[in-house]
Structures are given as structure tokens and as C-alpha cells.
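Spelled out, the chains give:
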Amino acid sequence: MHLYDFPVEILDQIFRELDPSFFYDDLGRLTVSKLWYQFALPRFLPELRIKSTRSLLAVADNSELLARAEPLLEAADLTVDGLGRDFSHIRGSFAGIGKDTLIALTDCVRAFSSSYDVIIAFLNRCPRLKSLRLRMKEDSRAGKSINGLFDMMGGYCKADHVLDTFAVRAGNLTSLVIDLAGGRSSSGTGTDPDDPDKTHFCMQLRRLLPSLRKFHCRMDRICPHMIDFDHRTIGDWPLEEIIINLSLQDFAIDQYYYGFAPCRVPVDCRDPAHARQDPIEAAVVLREDFETWMLDLAQGLKHARMVRTIWDAYPERCRLPFDILAEDALNSHVYRLQPGDPWDAMGELIDDGKEFGYSDDSEEEHQDEEEDHDDAAISE
């Protein structure tokens, strides 16, 4: 019996069992036939999955697809991976970059900006959208000279674009996952003298937390202002899962980091100069601040299932790779994660995981304990 010989009700039930990822893995699966397309499209449209910058440009240019998806879209997963594909052949210093390349680079940024605006406007029109994920991947195809130009231009994805993403369906989203560590966007402290918080991503994200059920965040510039709430005032929040990821060892070091840093480290928006003086010390202090506030959240959130901080454990001899550790504030458990693990993975439970974080204070305390133990042995 041929598939198309089944009654319409049976065909509809068969396609309802398919996950949207089945079609995103191979878009050709949408166009087997007209009848197939009729049943496949409603399964494909509730989830928008953009896996690269090139994919974003193509989707933004497909007005028919966006119009069909608008009333059905429930989740959007946006990944951009830079604009270096067309400039991967350019190496060396700025002096080797000609006028034509600069014009082409500017045109690429403008095209990306225009397409990104189209996608954001589309998402704001989707009445059923509840889940949004934005990931900026590191662009390994562009050389240092091209990436340096992107830095001078404020990144290929401007701060305003990121802020517009945060504002998508504000108050209606239940899940927000933000991973900007691989991008080169202008983040951190505010730059508008009339509104210091305007481009401070942490303050913008802070305003979204009371309405979310799930929130994951990783940025290279970040601060605890994002979560500094009085735990007595957040009991009615629906937030069930919050993860702050401070692990950046997989990303290349760029021009913003100074001093001895074996890998990229998170920079505190409140005190970026500290990271230039002693990157590792600054990262440890930042992590400890986050852990303090996450403990407060864990005390106040009635519906919480996971309140987690992830960080790189910098040993005294900073040699890559470091352990990636995750502390769950609800039970004080510390887990060792493997590179590539989901942020909410359980990993390997560590009994006394704190000792894996580099801290002068903890080392001195350990020495004091050993001296006390020796004194006690002598007295005995």
C-alpha cells in the first residue's frame, strides 16, 4: 500500500509524529510532492532553526516562508557565525587591506543588519512565540585583520541588534537562551550618557527574568546586576531554571584582554580595568559574586529546579584545558562537565569541588589547617 493511499486522517497523524528537526536536517524532505508538502509544512513551521549567517540571510529573503510561519511559530533558534566566509583569504595587517575590501566588508555588514532587522520584526509579529535562543559563534574563517576591523565597527552584530532580540515578545516569552561569547558585538557597560543602562546587556536581561521559566546566559562581558534581586520579592516568579555560564576557555583571546591570561575570561561590566590588570583574579572574584547572588535566588524561587553557575577552574599553574565546573545553588553540589556537554548536564559529581578553583585565600586556609593539625600531633 502506497503512503498516499492512506486516508487523510491517518496521514495527518503520521506527520504529527515528526519533529521539526526532521525537516531542518534536510529541507528537501519538504518537497517530496505537493501532497507531502501540504502535510509537512505545518510540522516544519512551528520551529524556526537558523544555523548560520548564510541561513539567516536566506530565510530573511524568503517572504513567503515567513508569512506562512508567522501564525504558527512557537520557538526560534538563531545561530550566526560571522561574516568571515567572504574574507577568509585575507591575512596579515591592516596595511594589506585595500579600499575595495573595506567597501565589500561594509556592504556585508549592512546586508547582515538589514536581514537581522527583518527576522526580528518577523519574530515580534508571531503571536505564539514562547521560546527564543540566540547564539553567536566564533568566526574562525576571518583573520586577525578582518576581526580587528569588525571590532572597530562595533562587531558584525551591533549592540542595537542584540537589544532588539532581548525585546522580542517581551513579557510573553517563557524560555530565553543567550550565548554571545563567540560574537564580536558591543556589549558591557552603557555608552549613552542620557541612559547609562541602554546598552548594558545585563540590565536589559534583568528586566526579563520575572516572566521567564527558563533562562540561560553566557556573555564575555557580564555582571551580577543581572540577578541582584532581594530573594524575598521573587517567590511568585515562574522561573524554574537559570544557568549563568562563565566558561570561555574554548574561545580565542582578542584585543580586549591584557596581562597574563591563558584563555579568554569573563570581564565584569562594573570593573573592566580589573581584568586587564589580573584577568584570572578578576574572573574568580566575578564568579564568587555570581555564586552569592545565585544562592539568594535559590532561596527565593519557589518553582526552581536548577540554579547553576558554570566556570573554568583556573589552577595555580594555568595550563589548558581547565576543568569546567558547575555549582548548583539548590543543593551546593559541584559537577565536572566535559567540553560540549549541555549546560544542564549532571556531569561527574565532585565531593569537594571548591578546591579545584584557584584561590589564594583557600590555599592559605589549607596551610593553616595543616599547621593546626601538626601542632595537635606534637601536643599529643
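Just so it is clear, the structure is predicted and the values come from calculations on it, not from any experiment.

So, unusual backbone geometry
Thinking step 1. Positive phi values are uncommon outside glycine, yet Arg 169 reaches one of about 50°.
Thinking step 2. For Arg 169, a relative accessible area of 18% corresponds to the buried category.

Observations regarding the nonpolar core
Thinking step 1. Core analysis: the largest hydrophobic core is formed by 72 residues, its most contacted members being Leu 123, Leu 205, Phe 215, Ile 222 and Met 226.
Thinking step 2. The element best represented in this core is helix α6 (residues 99-124), accounting for 7 residues.
Thinking step 3. Apart from the residues within four sequence positions on either side, Leu 123 is in contact with Leu 48, Leu 73, Ala 76, Leu 78, Leu 129, Leu 132, Val 168 and Arg 169.
Thinking step 4. Residues Ile 243, Ile 310, Ile 324 and Trp 343 belong to the second largest nonpolar core, which totals 9 residues.

A word on the sheet that holds strand β9 (residues 306-313)
Thinking step 1. As summarised here, the arrangement of the 10 strands in space is β1-β2-β3-β4-β5-β7-β9-β10-β11-β12, forming an open sheet in which the pairing is mixed. One side of each edge strand has no neighbouring strand; the edge strands of this open sheet are β1 (47-50) and β12 (348-350). Neighbour-to-neighbour, the strand axes of this sheet turn through a mean angle of 15°, independent of strand direction.
Thinking step 2. The pairing of strand β5 (residues 214-218) with strand β7 (residues 241-245) spans 4 bridges and is parallel. Of the residues in β7, the one forming a bridge with Lys 214 is Glu 241.
Thinking step 3. Strand contacts of helix α11 (residues 279-300): β7, β9 and β10 (323-328), with the helix running at about 170° to β9, the strand carrying the most contacts.

Re the packing of aromatic side chains
For any pair of aromatic rings, geometry is given as the distance between the ring centres together with the angle between the planes.
Thinking step 1. With the rule as written, the count across this model stands at 3 aromatic pairs.
Thinking step 2. Considering the side-chain rings of Phe 112 and Tyr 116, the 5.6 Å spacing of their centres and the 35° angle between planes classify their relative orientation as tilted. Of this pair, Phe 112 and Tyr 116 both sit in helix α6, 4 residues apart, roughly one helical turn.
Thinking step 3. Classification of Tyr 116 as buried rests on a relative accessible area of 1%.
Thinking step 4. Seen from their ring centres, Phe 229 and Trp 237 are 4.7 Å apart, and the 80° between their planes marks the pair as edge-to-face.

So, the environment of Ser 247
Thinking step 1. With respect to the secondary-structure elements, Ser 247 resides in the loop between β7 and β8 (267-268).
Thinking step 2. With 63 residues separating them along the chain, Ser 247 and Ile 310 place their C-alpha atoms 6.3 Å apart.
Thinking step 3. In this structure, Ser 247 is in contact with Arg 218, Ile 310, Trp 311, Asp 312 and Ile 324, ignoring residues within four places of it in sequence.
Thinking step 4. One polar contact links Ser 247 to Asp 312, side chain to side chain, over a distance of 2.6 Å.

Comments concerning the confidence of the model for the chain
Thinking step 1. Predicted confidence across the chain gives a mean pLDDT of 77, with 67% of residues reaching 70 or more.
Thinking step 2. Taken as a whole, residues 255-259 scores under 50 in pLDDT and shows 13 contacts with residues more than four places along the chain or in a different chain.
Thinking step 3. Considering only residues more than four positions removed or in separate chains, one finds that residues 353-366, a stretch of pLDDT under 50, has 20 contacts.

Observations regarding the pattern of salt bridges
Thinking step 1. As enumerated under the stated definition, the model contains 15 salt bridges in all.
Thinking step 2. Across the pair Arg 128 and Glu 74 runs a salt bridge whose closest N-O atoms are separated by 2.8 Å. With Arg 128 in the loop between α6 and β3 (131-136) and Glu 74 in the loop between α5 (63-69) and β2 (75-80), this pair connects stretches of sequence that are 54 residues apart.
Thinking step 3. Among the residues examined, Glu 74 registers a relative accessible area of 34% and is labelled partly exposed.

What counts and what doesn't
Residues numbered from 1 in each chain as written. Predicted model: local features only at pLDDT ≥ 70, side-chain atom pairs only at ≥ 80, totals over all residues. Heavy atoms only, no water. Buried < 20%, exposed > 50% of the residue type's maximum accessible area, 1.4 Å probe, protein only. Core = buried A, V, L, I, M, F, W, Y, C linked by side-chain atoms within 4.5 Å. Helix = DSSP H or I, 4+ residues; strand = E, 2+ residues; numbered from the N terminus. Contact = heavy atoms within 4.5 Å. Pairing = 2+ DSSP bridges. Axes fitted to C-alpha atoms, helices over the stretch in contact; angles between N-to-C directions. Phe/Tyr/Trp six-rings, centres within 6.5 Å; stacked < 30°, edge-to-face > 60°. Polar contact = N/O pair within 3.5 Å; in protein donor to acceptor, adjacent residues only side chain to side chain. pLDDT = per-residue confidence, 0-100. Salt bridge = Lys/Arg side-chain N within 4 Å of Asp/Glu carboxyl O.

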